[in-house]
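These are the residues of each chain, in order.
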Amino acid sequence: MKEFAYVRASDADEAAALVADRPDAVYLGGGTNLVDLMKLGVARPGLVVDVSRLPYDRVEHRSDGSVLIGGAVRNSVLAGDAGIRWRFPLLSQALLAGASGQLRTAATVAGNLLQRTRCGYFQDVTKPCNKREPGSGCPAAAGAHRELAVLGTSEHCVASHPSDMAVALAALDATVHLRSPGGTERTVPVEELYLPPGRTPHRETVLAPGELITAVELPAPPPGALMRFRKVRDRWSYAFALVSVGVSVRQADDGTLDRVAIALGGVAPRPWRARAAEQRLLGHRPEDALLRAAAGAELADARPLPGNAFKLGLITDLVAATVRDLVTGADPAAGGHGEEQS
Ligand SMILES: Cc1cc2nc3c(=O)[nH]c(=O)nc-3n(C[C@H](O)[C@H](O)[C@H](O)COP(=O)(O)OP(=O)(O)OC[C@H]3O[C@@H](n4cnc5c(N)ncnc54)[C@H](O)[C@@H]3O)c2cc1C
Ligand code: SF4
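Fair warning: this is a prediction, and the values are worked out from it, not measured in the lab. (Residues numbered from 1 in each chain as written. Chains lettered and ligands numbered in written order. Predicted model: local features only at pLDDT ≥ 70, side-chain atom pairs only at ≥ 80, totals over all residues. Heavy atoms only, no water.)

(A) Representation of the environment of glycine 71. Tracing the backbone shows glycine 71 in the loop between β5 (67-70) and α3 (75-80). Of the residues examined, glycine 71 reaches a relative accessible area of 5% and is grouped as buried. Each C-alpha atom of the pair glycine 71 and serine 52 lies 8.4 Å from the other, and the pair is 19 residues apart in sequence. Those residues in contact with glycine 71 that sit more than four places away from it in its chain are Tyr56, Thr108, Val109, Ala110, Ile213, Thr214 and Ala215. (Helix = DSSP H or I, 4+ residues; strand = E, 2+ residues; numbered from the N terminus. Buried < 20%, exposed > 50% of the residue type's maximum accessible area, 1.4 Å probe, protein only. Contact = heavy atoms within 4.5 Å.)

(B) Here's a closer look at unusual backbone geometry. A positive phi angle is found at alanine 99, which is not glycine, with a value near 55°. As for its position among the elements, alanine 99 is in the loop between α5 (89-96) and α6 (101-106).

(C) Up close: the side chain of arginine 179. Relative to the helices and strands, arginine 179 resides in strand β6 (residues 175-179). In terms of polar contacts, arginine 179 uses its side chain to reach the side chain of aspartate 13, at 2.7 Å. (Polar contact = N/O pair within 3.5 Å; in protein donor to acceptor, adjacent residues only side chain to side chain.)

(D) Structural context of the site of ligand 2. Residues in close proximity to ligand 2 total 13 residues, the closest being Cys119, Cys129, Cys138, Cys157 and Val158. The cavity where ligand 2 resides is the largest cavity. Here the shell around ligand 2 is built from residues that sort into 10 nonpolar, two polar and one charged. (Near = heavy atom within 4 Å. 1 Å grid on protein atoms, 1.4 Å probe; cavity = no way out; pocket = protein on both sides within 12 Å on 5 of 7 lines; lining within 4 Å. Sits in = over half its atoms within 2 Å of the grid points. Nonpolar A, V, L, I, M, F, W, Y, C, P; charged D, E, K, R; others polar.)

(E) Representation of empty space enclosed by the protein. Evaluated as defined, the whole model comprises three cavities of 30 Å³ or more. Estimates place the volume of the largest cavity at around 90 Å³. Residue lining of the largest cavity: 16 residues in total, with Cys119, Cys129, Cys138, Ala140 and Cys157 positioned closest to the centre. (Points joined across faces, edges and corners; volume = space filled by probe spheres on them.)

(F) Spotlight on the environment of asparagine 112. Structurally, asparagine 112 is set in helix α7 (residues 109-113). On the accessibility criterion, asparagine 112 (11% relative accessible area) is buried. For the pair asparagine 112 and serine 163, spaced 51 residues apart in sequence, the C-alpha to C-alpha distance is 6.5 Å. Sequence-distant contacts of asparagine 112, that is, excluding residues within four places in its chain, are made with Asn75, Leu95, His161, Ser163 and Met165.

(G) The arrangement of the site of ligand 1 in detail. Residues in close proximity to ligand 1 total 30 residues, the closest being Tyr27, Gly31, Thr32, Leu34 and Thr108. Within the backbone of alanine 99, one N or O atom sits 3.2 Å away from an oxygen atom of ligand 1. For ligand 1, an oxygen atom lies 3.4 Å from a polar atom in the backbone of proline 162. Computed on the free molecule, ligand 1 has an accessible area of 980 Å², of which 91% lies beneath the protein chains in the complex. Ranked by residue count, the leading element in the shell around ligand 1 is α7, at three residues. Classifying every residue of the shell around ligand 1 gives 15 nonpolar, 12 polar and three charged. When residues of the shell around ligand 1 are assigned to domains, at least three map to each of domain 1 (5-50) and domain 2 (226-328). (Areas by Shrake-Rupley, 256 points an atom, 1.4 Å probe, with all protein chains shown as cover. Domains from an automatic or database assignment.)

That is the geometry; function is a separate question.
Encoded structure:
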């Protein structure tokens, strides 16, 4: 591993100044992704600035129903927060479907959002990869891409974003709070945090140099909304999503859906808000044929590769089953296929 300096920042200004001043400086949250990438030689920082002890470690439930979640809140703390479990259950379910108890205790909200793709070529410094080494090529398209994306890709990169939590946040219309080195603050919707790969897959987010994620904000949930996160993976625990879905829906008295939010994971370079599917479902009863047609509408522009075309059918089945189970009150866990905790 390359030698590096470590500083534990005492406040946000110090942290931002340190990182903004040096192009080889990075923030450190729980280190569960960054340190692995440093060991692999994928990340080679000269300075690591620890922001995990900054005072962004609270989950604040506000009187208007919104929630402000500090960027340094640990994944396990957020998953176990009573207000989150009760009012935003898909967020808790998504967190508990990821990694392991030990990792979740270390991992932070900000680090989870910015974790890097699990594409095997990206993690292997002996292989070309446009994301790691711009212009070197993308072997995944003709090689191993079973886990990678089918939506929002480019010919230069077909990586998928691995975060389960981000999928739940996209379905919940979350915004991310950012703080620049000069102290200026701004917010971006979680979906817009990520840049499309285009010709520059090494540019992954809209963050400016030194910009710090300080919090994630959830708006108040619609009263009566039903929510669920589900994940399909190769192993029952300790595995990333092949496909996941975060759903929040509400049924009017006549059975039609008057609120629909659907986000997909494991299928795109960012959490993918399924707006075409939502449009097809809004104002209608969630019959199975319509649910499948809605998922089909979302996938109209999908660009599957030979090894991951199976994801299209999985997405369709998962979206249809998740919405149907929610509105009928079915509990998938009862059949052994629910939101298990690893
Ligand atoms: C074996 C294993 C299995 C896993 N399985 C899953 C899974 O199933 N689902 C899933 O979603 N995840 C999974 N993960 C990933 C895990 O969730 C992430 O590693 C974790 O969330 C990253 O958080 P962290 O705080 O440790 O980030 P770090 O590793 O500390 O940082 C990650 C990135 O975020 C940046 N960063 C950190 N904090 C800030 C900040 N405040 N502002 C700006 N940038 C910041 C860092 O510079 C770095 O680039 C798994 C990880 C492992 C090792
Ligand atoms: S899919 Fe993206 S991350 Fe994977 S090899 Fe291609 S360019 Fe690299």
